[in-house]
Amino acid sequence: MKNKKTYIGIAIAVVLVFLVWRFFSSSVGESFDIFADVKQGSFRVEITSSGELEALNSVEILGPLEARRFRVNNITIESMVDEGTIVRQGDVIAELDKSELFGRLDDKRIDLEQSRAQFEQIQLDTSLVLRQERDNISNLEYNVQERRLVLEQSQFEPPAIIKQNEYNLEKAERDLEQARERYRVKRLQERARMVEISARVRENENELAQMQEVLEKFTVKAPQNGMVIYQSGRGGKIKAGSQISSWNPVVATLPDLSRMRSVTYINEVDIRKIKTGQVVEIGLDAFPDKRLTGKVTRVANIGQQRPNSDAKVFEVVIEVNESDAALRPAMTTSNTIIVDRIEDVKFVPLEAINVHNDSINYVFLKNGAKQEVLLGLANLNDIVIEMGLNEGDRVFLSTPDWAKDAPVKLLADLDGKRRKIMEETNEAVEQVETNQSEDRTERRRGRQ
């Protein structure tokens, strides 16, 4: 009886071990088999890249442009509102250092006082000089009258006396005429001096008034409502303590947040596919649930070197269709540009595609077949199957256990064409994978 119980226990243990082994072996086997259905329908060819939001239009906030007229070339920013501050028209944005212009202003006041003093002095000198000339003319007029009277009274005198009196009258008349001409010239000279010094006074007065107007512009105010964005310079963004040039006195910008654009960069392989007017789906890293739309408005004609990479990229500008109060400049965007749309085609995930001898593309079907396929266009996730599969077929996304020794079921229509097709397809698939990797890297950098 005791042995019987022992045998029964052993049998139960063996059965339990067998069941556990079957359960776990089945579970493990199934865990590596991942399937996907062959889908048929609309297929989008798209290019994805990360970008950065900018305002479509913005107004520059300028310091005093006229400062260079008064030899003030570099201006220091004493204080400035924080970047991102929402301001209204007329609000103070920044205070600029006025000390250098104050010095010029004091010098100009001294010049004005000196020119006014010179004007008064010339007025006095002119009055005195012209009075002397007028007195001289009066005396000469009396002398002429006296000589004429003497001549009239000498009619009965000897001819020599009469002749002498005539000469004396002529000389007196000539002296009077010369004095009158000298007076006329003196008046012109003194008037010219007065005009010159009065012009200098007006010039100093105008410059002083202009300096005072420019001085008011050293308090920089917002020309309209908006958000303050610091201007970037050689040493980074302009802030309190930075210097701006009077030749380009941009302190900050006020972007129009009602209209935004996303600026992105597309690699040189894909740029030929990008055209203005293409539809774009836009995502925001800051708001993952928010989806926007846009369109390509500009594609650069000249490429540039990508930072920390040998790849050449081209700038692409995407205008955002929607207006959203949550949008801010410098936000990171993910841009999906719809390059093409194909209707009624079959497609599978890229992970389902395998390659044999660098020339045969194939998939593993759930029914155990190793089926060759003809590939078409690809996007970031899927690829079009032009031949070899039917809608509803199930393919492996992983490599099944039976795959090693199974032969590939070839397509008769592809004999002699596989090498060329394979090269073109591999180039497309590799480029898509490269784009995916670069996009993920860029987005990680943007989040950091």
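Small disclaimer: the values here were computed from a predicted structure and weren't measured.

Caption draft 1: Just unusual backbone geometry, in detail. For A330, which is not a glycine, the phi torsion comes out positive at approximately 80°. For D344, which is not glycine, the phi dihedral falls at a positive 55°. Structurally, the position occupied by D344 is in strand 19 (residues 332–349). You can call D344 exposed: its relative accessible area is 56%.

Caption draft 2: Highlighting the environment of A36. Here A36 shows up in strand 1 (residues 35–37). In sequence terms A36 and G392 are 356 residues apart; their C-alpha atoms lie 9.4 Å from each other. In this structure, A36 is in contact with P349, D393, R394, V395 and L397, ignoring residues within four places of it in sequence.

Caption draft 3: Representation of the packing of aromatic side chains in the model. Applying the stated rule across the entire model yields 5 aromatic pairs. Aromatic pair F35 and F396: ring centres 4.4 Å apart, planes at 50°, arrangement tilted. With F35 in strand 1 and F396 in strand 25 (residues 394–396), the pair connects residues that are 361 residues apart, well separated along the chain. Residue classification places F35 among the partly exposed positions, given a relative accessible area of 24%. With centroids separated by 5.7 Å and ring planes inclined at 85°, the aromatic side chains of F364 and W402 adopt a geometry described as edge-to-face.

Caption draft 4: Representation of the pairing of strand 6 (residues 92–96) in the model. Relative to strand 6, strand 4 (residues 74–80) runs antiparallel, the two being bridged by 3 bridges. Each bridged residue has a counterpart across the sheet, and for I77 the counterpart in strand 6 is L96. Across 3 bridges, the pairing between strand 6 and strand 7 (residues 219–221) is antiparallel. Residue V92 lies in a different strand from strand 7, and its bridge partner there is K221.

Caption draft 5: The arrangement of the sheet that holds strand 21 (residues 360–364) in detail. Reading across the sheet, the 4 strands line up as 20-21-22-26 and stay open at both edges, with mixed pairing between neighbours. Single-partner strands in this sheet number two, and they are strand 20 (354–356) and strand 26 (408–409). Two strands pair when backbone bridges link them, and strand 22 (residues 370–372) and strand 26 are joined in this way by 2 bridges, in the parallel orientation. Paired with Q371 across the two strands is K409, which belongs to strand 26.

Parameters and conventions
- Just so you know, the residues in each chain are numbered from 1, in the order the chain's sequence is written.
- Only residues with pLDDT of at least 70 get local features here, since the model is predicted, and only at 80 or more are side-chain atom pairs given and counted; chain-wide, interface and lining totals rely on the full set of residues.
- The side-chain quantities take in all heavy atoms of the structure and omit both hydrogens and water.
- Helix and strand definitions here come from DSSP, where helices need a minimum of 4 consecutive H or I residues and strands a minimum of 2 consecutive E residues; each element is numbered from the N-terminal end.
- For each residue, the accessible area found with a 1.4 Å probe, counting protein chains only, is set against the maximum for its type, and the residue is called buried under 20%, exposed over 50%, and partly exposed in between.
- By definition in these notes, contact holds between two residues if any of their heavy atoms fall within 4.5 Å.
- Under the pairing criterion, centres of Phe, Tyr and Trp rings, with the six-membered ring standing for Trp, must be within 6.5 Å; the plane angle then separates stacked pairs below 30 degrees from edge-to-face pairs above 60, leaving the rest tilted.
- We call two strands paired when DSSP finds no fewer than two bridges between them.

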